[in-house]
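Structure assessment
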There are 2 protein chains.
Amino acid sequence: MESNMKIGELAKRTGFSTKAIRYYELLRLLPEPDRTESGYRMYSQKDVERLEFIEKAKRLGFSLDDIRDILILNEQQEQPCVHVLALLDQKLKQVDDVLRDLKAFRKELARLRKESAEQLERLPADAAICGIVERGVHARGEAALAWLEFRQPGKRGRD
Amino acid sequence: MESNMKIGELAKRTGFSTKAIRYYELLRLLPEPDRTESGYRMYSQKDVERLEFIEKAKRLGFSLDDIRDILILNEQQEQPCVHVLALLDQKLKQVDDVLRDLKAFRKELARLRKESAEQLERLPADAAICGIVERGVHARGEAALAWLEFRQPGKRGRD
DNA sequence: CTTGACCTTCTATTCGACTGGAAGGTGTAA
DNA sequence: TTACACCTTCCAGTCGAATAGAAGGTCAAG
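Scoring rules and cut-offs
Residues numbered from 1 in each chain as written. Chains lettered and ligands numbered in written order. Predicted model: local features only at pLDDT ≥ 70, side-chain atom pairs only at ≥ 80, totals over all residues. Heavy atoms only, no water. Pairing = 2+ DSSP bridges. Helix = DSSP H or I, 4+ residues; strand = E, 2+ residues; numbered from the N terminus. Axes fitted to C-alpha atoms, helices over the stretch in contact; angles between N-to-C directions. Parallel < 35°, antiparallel > 145°, perpendicular 65-115°, else oblique. Contact = heavy atoms within 4.5 Å. Nonpolar A, V, L, I, M, F, W, Y, C, P; charged D, E, K, R; others polar. Near = heavy atom within 4 Å. Polar contact = N/O pair within 3.5 Å; in protein donor to acceptor, adjacent residues only side chain to side chain. Salt bridge = Lys/Arg side-chain N within 4 Å of Asp/Glu carboxyl O. Buried < 20%, exposed > 50% of the residue type's maximum accessible area, 1.4 Å probe, protein only.

**A word on the sheet that holds strand β2 (residues 34-35) of chain B**
Residue and element names in this part refer to chain B.
- Spatially, β1-β3-β2 is the arrangement adopted by the three strands of the open sheet, whose pairing is antiparallel. The open sheet terminates on both sides in strands that have one partner only, identified here as β1 (5-6) and β2.
- Two strands pair when backbone bridges link them, and β1 and strand β3 (residues 41-43) are joined in this way by two bridges, in the antiparallel orientation. If you follow M5 over to β3, its bridge partner there is Y43.

Dropping the structure here:
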């Protein structure tokens, strides 16, 4: 695989910035590239593919650290399978949690929006002051604090 | 509403750290609390509720800035209606976008996991080396680089 | 009156994933 | 030769959401 492009070309082909590419090298997501006599980094198609992989993995929500581990495991042909599988499971769980919350959230938001819009409509056209807040929210007692009824197990830090 | 707890108590009741509580005050998510003669912050049930609201809103993906705006608009009873309605619409749209992406992502993750697990199973029990990577991935051509077929509209920075 | 828990303010640091800019070398075309 | 794009290294800064720690004040129990 011959190294035939400079960093700018690699950047153009992959959509990453040259800064990001150098940064990935620093983090060992990319191997140290060949250099020209004058010190320019030279890259090959392999690097394009590696960056494309990185992009996909990023989009799947893996951190650069995760990605580096996967890539390095893969390189070394140690057994990344189990590791990767566990990582995937973990990600799936995270995604499911977020999805669950987000759906409940959406529902709540939609309800709120609907109520607000209705309250806004019921106002005389010349009303200069806000109906949602003046009526809507006050009518509900504890202002915005009552907006979101949203149960959940919670974890958070101590002092 | 009498202010009858110090910051540590408020922290205990809400699960936020005292540091975080002071930080929220700085960002004006919390009003300036009453103080004892000696300068200790004193809080009331209202603050507990406000922090609970903040927690919910945080979990709903609002930034602290968003949350501050909502809280302050609500407090001032200036005419936040239209503004709030717009905010709500904007959030709804964001949430829908995220939901859409996240569902696609989940599907992709699940597929990947399933394939990986199957490949892992098909290996001889004594195989010391990784099936996903060695076969799965190698069979698919370009190592891990082919793992994730995941189309997507992309945006990213230039150099 | 001292210990210890709790509080105050202040400034600094963390994390992840970069980006920005300075100062200077390289390579090519006019 | 000069302009210009592109490359190099190195150091600093950004963002959001806090956390860490230093130096010191307060308050109740023993």
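Once you've had a look at it, read on.
**Let's talk about the packing of helix α1 (residues 7-14) of chain B against helix α2 (residues 18-26) of chain B**
Residue and element names in this part refer to chain B.
- Where α1 meets α2, the closest approach of the two axes is 9 Å, and the angle between their N-to-C directions is 105°. Taken together, the axes of α1 and α2 lie roughly perpendicular to each other. Where α1 approaches α2, its residues I7, G8, L10, A11 and T14 are matched on the opposing element by T18, I21 and R22.
- Residue classes in the contact of α1 with α2 are distributed as four nonpolar, three polar and one charged.

**Re the protein's contact with DNA strand C**
- Near DNA strand C there are 18 residues, and of these S17, K19, Y24 and S38 of chain A together with R41 of chain B occur at the shortest range.
- Counting only the atoms of DNA strand C that lie within 4 Å of the protein, the sugar and phosphate share comes to 65%.
- Between DNA strand C and S38 of chain A, the relevant distance is 2.6 Å, taken from a phosphate oxygen to a side-chain nitrogen or oxygen of the residue.
- K58 of chain A places a polar side-chain atom, nitrogen or oxygen, 3.1 Å from a phosphate oxygen of DNA strand C.
- Only α2 (18-26) of chain A together with α1 of chain B provide two or more residues apiece to the surface near DNA strand C.
- When the residues that make up the surface near DNA strand C are grouped by side-chain class, the tally is seven nonpolar, five polar and six charged.

**Digging into the pattern of salt bridges**
Residues and elements named next belong to chain A.
- Per the stated rule, a full pass over the model turns up eight salt bridges over all chains.
- Between E9 and R13 there is a salt bridge; the shortest N-O distance is 2.8 Å. Separated by four residues within a single helix, E9 and R13 lie in helix α1 (residues 7-14), roughly one turn from each other.
- Its relative accessible area of 45% is what places R13 among the partly exposed residues.
- Note that R41 is salt-bridged to E25, the shortest N-O span being 2.7 Å. Taken together, the positions of R41 in strand β3 (residues 41-43) and E25 in helix α2 put the pair 16 residues apart, joining distant regions of the chain.
- Linked through salt bridges whose partners overlap, the residues forming this network are D65, R68 and D69.

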